[in-house]
2 protein chains.
Amino acid sequence: MTEHTYKQFDADLEELRSGVLAMGGLVEQQFELAIAALEDAGLQDAEDHVSVNEEQVNRLQVAIDQQCSQIIARRQPTAVDLRLILAVTKVVNDLERIGDEVKKIARKAAGTQGDERLTRVRRFQVARTARSASRMTRTALDAFARLDLEAAAEVIDRDEEIDAEFHAVLRQLVSYMMEDPRTIGPAVEMVFIAKSIERIGDHAKNVAEAVVQGVKGKDVRHASAAEVRAELSGP
Amino acid sequence: MTEHTYKQFDADLEELRSGVLAMGGLVEQQFELAIAALEDAGLQDAEDHVSVNEEQVNRLQVAIDQQCSQIIARRQPTAVDLRLILAVTKVVNDLERIGDEVKKIARKAAGTQGDERLTRVRRFQVARTARSASRMTRTALDAFARLDLEAAAEVIDRDEEIDAEFHAVLRQLVSYMMEDPRTIGPAVEMVFIAKSIERIGDHAKNVAEAVVQGVKGKDVRHASAAEVRAELSGP
């Protein structure tokens, strides 16, 4: 590339970056509403707000994906430049899925009004796990925005914590169901909410892995957190 | 591109195509083992076989993704050629996720040995839904192999059926749990199996949508099945 096309390419990258961060900002907003719905089921309209955001998220995904194709076709980037563009297509894919899961959480939160104990699980344990997943998503976006590998490694590490929290919530819900079969309906809904949160952790991890691959050219999707850290501390 | 590079590009595409179909073949094998485990929990070693396949699937995903980047960097394809390469990266991503869900099904199948009625749900209803999802995956792969838009549309249509079967299984499981709380543990495991099957349907649909986008250049990810058909019957 000539210096001129390099400058154009940098401008393209910057535009992609803003698009991804705008999409991330919408998903974070959705997340806040969903968590509020978990903490206090009185927020019945969370689902409507979340749905409005989701359409914008979907439109941004389609637009950014198109921009990526156009940039590849026009600038014909290679090596790290190409890797970064391909990383963007992965990141927007996972961001869109996070938005989907958040929408499911907001929709189901209203259906889990049951007895006192279930409400407590929802307002405290489940909402707390959702907060962890939301922070993880934000850190993954920061890792993308600054191409910060340390932040990416932190996200990859944290996925296991979310999994552990998910299993703790699950055990609690199963024991309540056994003690009082009347809670089974809402408790099963809550199982799905917990599952959505666990999946968000997976998607945030995918975003972090895409950042690592974009920057280092190393595919770490099937590596353990320790292997990723070893990779990052290498040359 | 010159005629020479076109020929090279066609050879590249053909190699990608074989790689994706090899990966698809492994996932289909895994699927057969998982369904066998659902139909007869005696197949305790299904999980081991599935895990062996999964490593191969993961390796293929990483290798094909790398090939895609190299082809883009080397041949600098544009328009439909570039779209097809980008579609391949999406297809392998979803295929890998299908493999993941299949592995979870095989692992959990052994944990759902409960009473007579639950066993019946697993061996008949759940296994049948898994067969539908497996057929859907195969049709999506056929759509990819032959760039067959009619097959792609069929997959996109069928996703709703899988969702309906999932909800029927779920209702059945919840009613058994309420009637006999001793079934709650294994029934919750079965809920996760059903959820994995439902997700496989989503991933197969993603594969079909990637095929449509690759061929027609139209992003149909957020379109309804009817809109997709209208699009396909257009010019």
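On a predicted model such as this, the values are computed, not experimentally measured, just so you know. (Residues numbered from 1 in each chain as written. Chains lettered and ligands numbered in written order. Predicted model: local features only at pLDDT ≥ 70, side-chain atom pairs only at ≥ 80, totals over all residues. Heavy atoms only, no water.)

Asks: Even after reading the chapter, I still don't get the overall build of chain A, so can you show me in this structure?
Replies: Counting its secondary structure elements, chain A contains seven helices and zero strands. Of the regular secondary structure in chain A, the N- to C-terminal order runs α-α-α-α-α-α-α. Relative to its length of 235 residues, chain A is compact, with a C-alpha radius of gyration of 20 Å against a globular reference of 18 Å. On the principal axes, the C-alpha backbone points of chain A span a range of 70 × 40 × 20 Å. Across the 235 residues that make up chain A, the buried fraction comes to 54%. (Helix = DSSP H or I, 4+ residues; strand = E, 2+ residues; numbered from the N terminus. Rg over C-alpha atoms; globule rule 2.2 N^0.38 Å. Buried < 20%, exposed > 50% of the residue type's maximum accessible area, 1.4 Å probe, protein only.)

Asks: Help me understand the interface of chain B and chain A in this model?
Replies: Counting residues at the interface gives 36 residues for chain B, matched by 36 residues for chain A. When chain B packs against chain A, close to 3,200 Å² is buried across both sides, 62% of that on carbon and sulfur atoms. Interface area lost by chain B to chain A is led by F192(B), R199(B) and H222(B), which between them contribute 17%. At the junction of chain B with chain A, the criterion picks out six salt bridges. On the surface where chain B and chain A come into contact, there are 11 residue pairs in polar contact (both at pLDDT 80 or more). Among the residues forming the side of chain B that touches chain A, the class breakdown is 15 nonpolar, 10 polar and 11 charged. (Contact = heavy atoms within 4.5 Å. Buried area = accessible area lost by both parts, 1.4 Å probe. Salt bridge = Lys/Arg side-chain N within 4 Å of Asp/Glu carboxyl O. Polar contact = N/O pair within 3.5 Å; in protein donor to acceptor, adjacent residues only side chain to side chain. Nonpolar A, V, L, I, M, F, W, Y, C, P; charged D, E, K, R; others polar.)

Asks: Help me understand the relation of the copies chain B and chain A in this model?
Replies: Once chain B is rotated about the relating axis by 180 degrees and shifted along it by 0.0 Å, it coincides with chain A to within an RMSD of 0.0 Å. Both copies are brought into coincidence by an operation consistent with a two-fold rotation axis. Here 100% of the contact residues of chain B are again contact residues in chain A; the copies associate through an equivalent surface. (Least-squares fit on C-alpha atoms with pLDDT ≥ 70 in both.)

Asks: I'm lost on the pattern of salt bridges in this one. Help?
Replies: Pairing between side chains of opposite charge can happen when their charged atoms approach one another. Evaluated as defined, the whole model comprises 43 salt bridges over all chains. With its nearest N and O atoms 3.6 Å apart, the salt bridge here joins E101(B) to K104(B). Here the residue E101(B) and the residue K104(B) both occupy positions in helix α3 (residues 79–109), the gap between them amounting to three residues, near one helical turn. The network of salt bridges with common partners includes E101(A), K104(A), R199(A), E101(B), K104(B) and R199(B).

Asks: What am I meant to see in unusual backbone geometry here?
Replies: Among all residues except glycine, the phi angle is most often negative; among peptide bonds, the trans geometry is most common. Even without being glycine, Q76(A) reaches a positive phi, approximately 45 degrees. Tracing the backbone through its elements, the reader meets Q76(A) in the loop between α2 (46–75) and α3 (79–109).

Asks: What is the right way to read helix α4 (residues 116–146) of chain B from this model?
Replies: Along an α-helix, a turn takes 3.6 residues, which lines up residues three or four apart on a common side. Residues and elements named next belong to chain B. Over its 31 residues, α4 extends 44 Å from the first C-alpha to the last, a length consistent with the 45 Å expected when each residue adds 1.5 Å. The principal kink in α4, of about 30 degrees, is found at R122. Among the residues trailing α4, L147 stands out with phi positive, at a value near 45 degrees. (Expected span 1.5 Å × (residues − 1). Bend = angle between axes of the 7 residues up to and from the residue.)

Asks: Explain the packing of aromatic side chains here, please?
Replies: For any two aromatic rings, the description comes down to two numbers: the centre-to-centre distance and the angle of the planes. What the rule picks out here adds up to two aromatic pairs over all chains. Aromatic pair F166(A) and F192(B): ring centres 6.1 Å apart, planes at 75 degrees, arrangement edge-to-face. You can see F166(A) sitting in helix α5 (residues 149–179) and its partner F192(B) sitting in helix α6 (residues 184–216), one on each of two chains. The class for F192(B) is buried, based on a relative accessible area of 5%. One Lys or Arg, R117(A), reaches over the ring of Y176(A) and ends 4.2 Å from the middle of that ring. (Phe/Tyr/Trp six-rings, centres within 6.5 Å; stacked < 30°, edge-to-face > 60°. Lys NZ or Arg CZ within 6 Å of the ring centre and 35° of its normal.)

Asks: Looking at this structure, I do not really get the nonpolar core. What am I missing?
Replies: Note that soluble globular proteins tend to have their nonpolar side chains buried in a common cluster. The biggest cluster of nonpolar side chains holds 154 residues, and the ones touching the most others in it are V20(A), L173(A), M177(A), V20(B), L173(B) and M177(B). Beyond its immediate chain neighbours, meaning those up to four positions away, M177(B) contacts M177(A), I184(A), V188(A), T183(B), I184(B), A187(B), V188(B) and V191(B). (Core = buried A, V, L, I, M, F, W, Y, C linked by side-chain atoms within 4.5 Å.)

Asks: Is there a simple way to think about the packing of α5(A) against α6(B) in this case?
Replies: Helix-helix packing is described using two parameters, namely the angle between the two axes and the distance between the axes. Where α5(A) contacts α6(B), the two axes come as close as 10 Å, and the packing angle between them is 135 degrees. Regarding the angle of α5(A) to α6(B), the classification is oblique. Taken as a pair, α5(A) and α6(B) cross one another with a handedness that is right-handed. Residues F166(A), L170(A), V174(A), M177(A) and M178(A) of α5(A) form the contact with α6(B), whose own contacting residues are I184(B), G185(B), V188(B) and F192(B). Class assignment for the residues of the contact of α5(A) with α6(B) results in eight nonpolar, one polar and no charged. (Axes fitted to C-alpha atoms, helices over the stretch in contact; angles between N-to-C directions. Parallel < 35°, antiparallel > 145°, perpendicular 65-115°, else oblique. Left-handed = near helix turned anticlockwise from the far one by under 90°.)

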